[in-house]
Amino acid sequence: MKRAALSAILLVLVAAGSSPAAVHVSILGGYALPTEKNYAGAFAFGGRLSFDLHQYFAIEVSGFRYETSVAGTEDGLSKGTLAVLPLEVSLVGRLPLSGGRFTPTFAVGAGYFIHQFSLDPQIGADWETVGFSITEKLDNAIGFHLGVGLDIALNRSLSLVVDAMFRFAESKAAWTMTDQTSHEEISGALEKLDQGSIALGIGLKFSLR
Amino acid sequence: MRKTANQNSIVGIVFFCLLLILFLMPTRAVVERQPQMFSSLSPAENALDQSHPKLQSALARLEEIYTSSGLTRAKEFAGLRKMDMVEDTVRVVAVTMPMPNQIQTRMVVSAMKQRIEALGGKIELAYRQNIQTYIPIQALTTLASDPLVKYVRLPLKPVPLEVVSEGVAKTGASQWKSIVPYRAQTGAKICILDVGFKGYESLLGSELPATVVTRSFRADQDIFADEVHGTANAEIVHDMAPDAKLWLVNFETADEQMGAVDWIISQKVQVISYSLGWFNSGAGDGTGWICEAVEAATSQGTIWATSAGNAAEDHWEGNFSDPDGDGWHNFSGTDRYLEFHARANMPVAVYLNWNDWGTWNGSDYSGSNQDFDLYLYFWTGTSWDFVDKSSNTQNGTQLPTEEISGWSSKTAGTWAVSIRKINATRSVKLELFTYNNDEAIEYFVSPGSITIPADAASALTVGSTSWVDDSLHYYSAWGPTHDGRIKPDFVAPSGVSTSTYGERAFWGTSASAPHVAGACGLIKGNSPYSMSQIRKILEKRAVDLGEAGKDNRYGYGRLNVK
């Protein structure tokens, strides 16, 4: 899936390169607040590549990574660390105001959420001392997003970007506990784990053409 | 003639003096050695047994004493035999005739309740076909004669297998202290099912959890029952599984235990710790009332950890053998006495059963037609003094059991039992247990010495080893079961420390079973494993001792959770 997503992004970049439209590169920092209450809020960073399709429309590919700590629940992920990297494609609507100095933006799109969960090392180590191993794996997921933002032109090729993005995704996870002596294993699946978030971002957008 | 009279007087005086000397000197020593009340309450050794075939012989004897000597003497006998009496009534279990279905059983039990009340009885409880009741002594034979009654007997009672916990470290449970529960609700539900919990309140929040659930199924609802045994067991469970929620449940009789187990199941308790043993309460092959209770609980996914018993050197079994043809079993050569020693004022008990229980139908055995009696003697220094006998009739429907209990001696001494064939048409295998003796019995046979319900197939049966060096304790009972299955399943430490027993160590398989119950609760309370998986985990983790693999002394080996 990762390869497929990266291939898609490269295809868009190649397509954009052949297009006469302007290309913009943004770098963003921000804060992601997961909608799952057992996940802590976390600082995030990412980048965005925009291709103007029209005066009012653009297409963007972006990535926005954050790493959150999970408190752990019986019917959700255990205590640990969760890294989330949504690779997204968005259709962006723009409404240039004041001669283009201020441009409110609206975005909608889909993405592929790459998840990496690590069980709290202390839990794993404690269970190892009594002879049990634990694995917990969170699946990647397809998600959707809606966003609003504002581009503030600083000069012809540089803008200040602020936005807020609502991401919706659900994923599945699997856990396994194994007694290293008897090899007695017990496993389970976790369904419909909320991987959504509200992210606030601020960054700089460089216009290449 | 006058001279002759004087001579007669002198002879008379000398004879009187000799009698006085005999009375004051040697015979006094012998009298001191005699068990209390032997002569006055013992039956005649060779008297024909004419008691009602549906009445336990001890109850027949009680009625006989009451009729011939009055209530005071009857109370003495009842006290000696540990019978429960209120005024002129005695506590018994009336077993009603087996019926083909539950509806008819209920009808019979209902009818019997009315008849018992008409006889002046006061009913305590009814469980399946058994009615536990107090009944006037003089109505015992009348009750036994009722056509709806199969048998009238004393209530079956367990004995604490007590013989405090270093076992926590030994078994590796101490390494679980830092464990964060994984996909488990913290704290398993563990029930300590025992006879009494005296002193438990003072240990709450320290040796026991701050709160516990208590329930007494005794007729008098007394959770303490003047017995600390259950409290000490609860301490060990709490030591092993500190986060576990504890249920302290007690009972006194078998029928009360049935109700207790039903209630425990309804509470969704996950582990039962049971450090009690029963004699003459089943065929030793996993059948019987007590084992039935174990199966009822385990079929709901509950783990039942039970003590193997402490009878490795208090058990004899063998085929009836009478080479001298006098009707008495010869334990060796022509020796018909199996001897054992007991301390002063220690009430001894002997239990005999043989392999003629018939078929177990889920609520009762079809019964025995091979009749044997059990005799108890005390060594006076010169001869065996007959003390008591148990002469239940076995002519087809009764249990193949005899039991004598309660007798004690003012001084430490040697006791003996003999087994007499009354009416037997085939060779049977006899099994004898003694209780409260202080040394190994003569001719003891350790294999097969587990007590009930250690023979239950689904029970986790626990023997006893030293927490210091893993050596098997001399008393730890051995398998196999009477149907050839290997028991025990595990061994666990005993001779450990508890607050309840203070400076005395807590010995016996009683102390071992709660270690296993606690270990099960420890894993259940911290992990998502099912009870059957926990059982397999413990089997594989056990430290193999004795013969390689599972064996009849150590089972899979010593409990190990690390």
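Details of the structure are given in the entry above.
Here the structure is a predicted model, which is why all the values come from computation and not from measurement.

K.L.:
Could you give an account of the overall build of chain A, naming the residues involved and the relevant values?
P.N.:
When its secondary structure is counted, chain A shows two helices and 10 strands. Within chain A, the proportion of its 209 residues that are buried is 49%. For chain A, restricting intrachain contacts to residue pairs at least 6 apart in sequence, the fraction spanning at least 24 positions comes to 65%. Accessible area of chain A: about 10,500 Å², with a carbon and sulfur share of 64%.

K.L.:
Pulling in residues and values, what's your account of the overall build of chain B?
P.N.:
Check the secondary structure of chain B and you find 13 helices and 22 strands. Computed over the C-alpha atoms, the radius of gyration of chain B is 25 Å, within 12% of the 24 Å expected from 2.2 N^0.38 for a compact globule of 562 residues. Projected onto the principal axes, the alpha-carbon positions of chain B cover approximately 110 × 55 × 50 Å. Counting over 562 residues, chain B shows a buried share of 57%.

K.L.:
How would you sum up the packing of aromatic side chains? Please name residues and give values.
P.N.:
Residue and element names in this part refer to chain B. Considering all chains together, one arrives at 31 aromatic pairs over all chains under this definition. Ring geometry for W316 against F331: centres 4.9 Å apart, planes inclined by 75 degrees, an arrangement best described as edge-to-face. With W316 in strand 13 (residues 315-319) and F331 in the loop between strand 13 and strand 14 (338-342), this pair connects stretches of sequence that are 15 residues apart. Using a relative accessible area of 11% as the deciding quantity, one classes F331 as buried. Residues Y377 and F386 carry aromatic rings whose centres are separated by 5.9 Å and whose planes lie at 65 degrees to one another, so their mutual orientation is edge-to-face. Like Y377, the residue F386 is buried in the burial classification. In textbook terms, an aromatic cluster arises when at least three aromatic residues are bridged by ring pairs, as seen for W328, Y337, Y375, Y377, W379, W384 and F386. Looking at R336, its charged tip hangs above the ring of W328, at a distance of 3.8 Å from the centre.

K.L.:
Lay out the pattern of salt bridges in plain terms, naming residues and giving numbers.
P.N.:
All names here are of chain A. Tallied over the entire structure, the rule returns 30 salt bridges over all chains. R48 is paired through a salt bridge with D163; the nearest N and O atoms lie 2.5 Å apart. Taken together, the residues R48 in strand 2 (residues 42-52) and D163 in strand 8 (residues 158-179) connect sequence positions 115 residues apart. Comparing R48 with D163 shows no difference in burial state: the two are buried.

K.L.:
I'd like to hear about the sheet that holds strand 19 (residues 413-423) of chain B, residue by residue, with values.
P.N.:
Residue and element names in this part refer to chain B. Ordered in space as 14-19-16-17, the four strands form an open sheet in which the pairing is antiparallel. Each edge of the open sheet is held by one strand with a lone partner, namely strand 14 and strand 17 (384-390). Ignoring strand direction, the axes of neighbouring strands in this sheet form an average angle of 30 degrees. The pairing of strand 14 with strand 19 spans five bridges and is classified as antiparallel. The residue of strand 19 that forms the bridge with F340 is W415.

K.L.:
So what's going on with the pairing of strand 18 (residues 401-407) of chain B? Residues and values would help.
P.N.:
Residues and elements named next belong to chain B. Among the seven residues that make up strand 18, six are buried, leaving the element largely enclosed by the rest of the structure. Bridging between strand 15 (residues 348-354) and strand 18 involves six bridges; their strand directions are antiparallel. Note on strand 18: the bridge partner recorded for A349 is S405.

K.L.:
Pulling in residues and values, what's your account of helix 2 (residues 121-129) of chain A?
P.N.:
Residues of helix 2 of chain A that are buried include every one of I123, D126 and W127 of chain A, and no others. Buried residues along helix 2 of chain A cover an arc of 95 degrees about the axis, so they all sit on one side. Looking at the buried residues of helix 2 of chain A, the elements they touch are strand 5 (102-119), strand 6 (132-138) and strand 8 of chain A together with helix 12 (509-526) of chain B.

K.L.:
Outline the nonpolar core, supporting the account with residue identities and numerical values.
P.N.:
Among the nonpolar cores identified, the biggest contains 78 residues, and L77 and W127 of chain A together with W176, L246 and V516 of chain B are the most heavily contacted of them. Tallying contributions element by element places helix 12 of chain B first for this core, with eight residues. Once you skip the residues sitting within four places of it in the chain, L77 of chain A turns out to touch Y39, V70, G72, L82, F117, E136, L138, A173, L190 and L193 of chain A together with R183 of chain B. Grouped together as the second largest cluster of nonpolar side chains are 55 residues, A78, V152, F340 and I404 of chain B included.

K.L.:
Explain the sheet that holds strand 18 of chain B to me, and be specific about the residues and the numbers.
P.N.:
Residues and elements named next belong to chain B. If you walk across this open sheet you meet the four strands as 13-20-15-18, and the pairing is antiparallel. At either margin of the open sheet sits one strand with a lone partner, and together these are strand 13 and strand 18. Neighbour-to-neighbour, the strand axes of this sheet turn through a mean angle of 10 degrees, independent of strand direction.

K.L.:
Quick one: what's the story with the interface of chain B and chain A, residue by residue and with numbers?
P.N.:
On the side of chain A, 25 residues touch chain B, which itself brings 21 residues to the contact. Across the interface of chain B and chain A, roughly 1,900 Å² is buried in total on both sides, 61% from carbon and sulfur atoms. The largest per-residue losses of area from chain B upon contact with chain A belong to Y182, R183 and Y529 of chain B, which jointly make up 38% of the total buried on that side. The interface formed by chain B and chain A includes two salt bridges. We note a salt bridge from D179 of chain A to R541 of chain B, for which the minimum N-O separation is 2.5 Å. At the boundary of chain B and chain A, one finds 13 residue pairs in polar contact (both at pLDDT 80 or more). For the side of chain B that touches chain A, the residue count by class is nine nonpolar, seven polar and five charged.

K.L.:
Residue-level account of the side chain of D255 of chain B, with values.
P.N.:
All names here are of chain B. Looking at the element boundaries, D255 is found in helix 10 (residues 254-266). One buried charged residue, D255, forms no salt bridge at all, with the nearest opposite charge on R153 at 4.4 Å. Leaving out residues up to four positions away in the same chain, D255 has contacts with V93, L125, Y127, N130, Q132 and R153.

What counts, and at which threshold
- Residues numbered from 1 in each chain as written.
- Chains lettered and ligands numbered in written order.
- Predicted model: local features only at pLDDT ≥ 70, side-chain atom pairs only at ≥ 80, totals over all residues.
- Heavy atoms only, no water.
- Helix = DSSP H or I, 4+ residues; strand = E, 2+ residues; numbered from the N terminus.
- Buried < 20%, exposed > 50% of the residue type's maximum accessible area, 1.4 Å probe, protein only.
- Contact = heavy atoms within 4.5 Å.
- Areas by Shrake-Rupley, 256 points an atom, 1.4 Å probe, with all protein chains shown as cover.
- Rg over C-alpha atoms; globule rule 2.2 N^0.38 Å.
- Phe/Tyr/Trp six-rings, centres within 6.5 Å; stacked < 30°, edge-to-face > 60°.
- Lys NZ or Arg CZ within 6 Å of the ring centre and 35° of its normal.
- Salt bridge = Lys/Arg side-chain N within 4 Å of Asp/Glu carboxyl O.
- Pairing = 2+ DSSP bridges.
- Axes fitted to C-alpha atoms, helices over the stretch in contact; angles between N-to-C directions.
- Arc of directions from axis to C-beta.
- Core = buried A, V, L, I, M, F, W, Y, C linked by side-chain atoms within 4.5 Å.
- Buried area = accessible area lost by both parts, 1.4 Å probe.
- Polar contact = N/O pair within 3.5 Å; in protein donor to acceptor, adjacent residues only side chain to side chain.
- Nonpolar A, V, L, I, M, F, W, Y, C, P; charged D, E, K, R; others polar.
- Lys, Arg positive; Asp, Glu negative; His and termini not counted.

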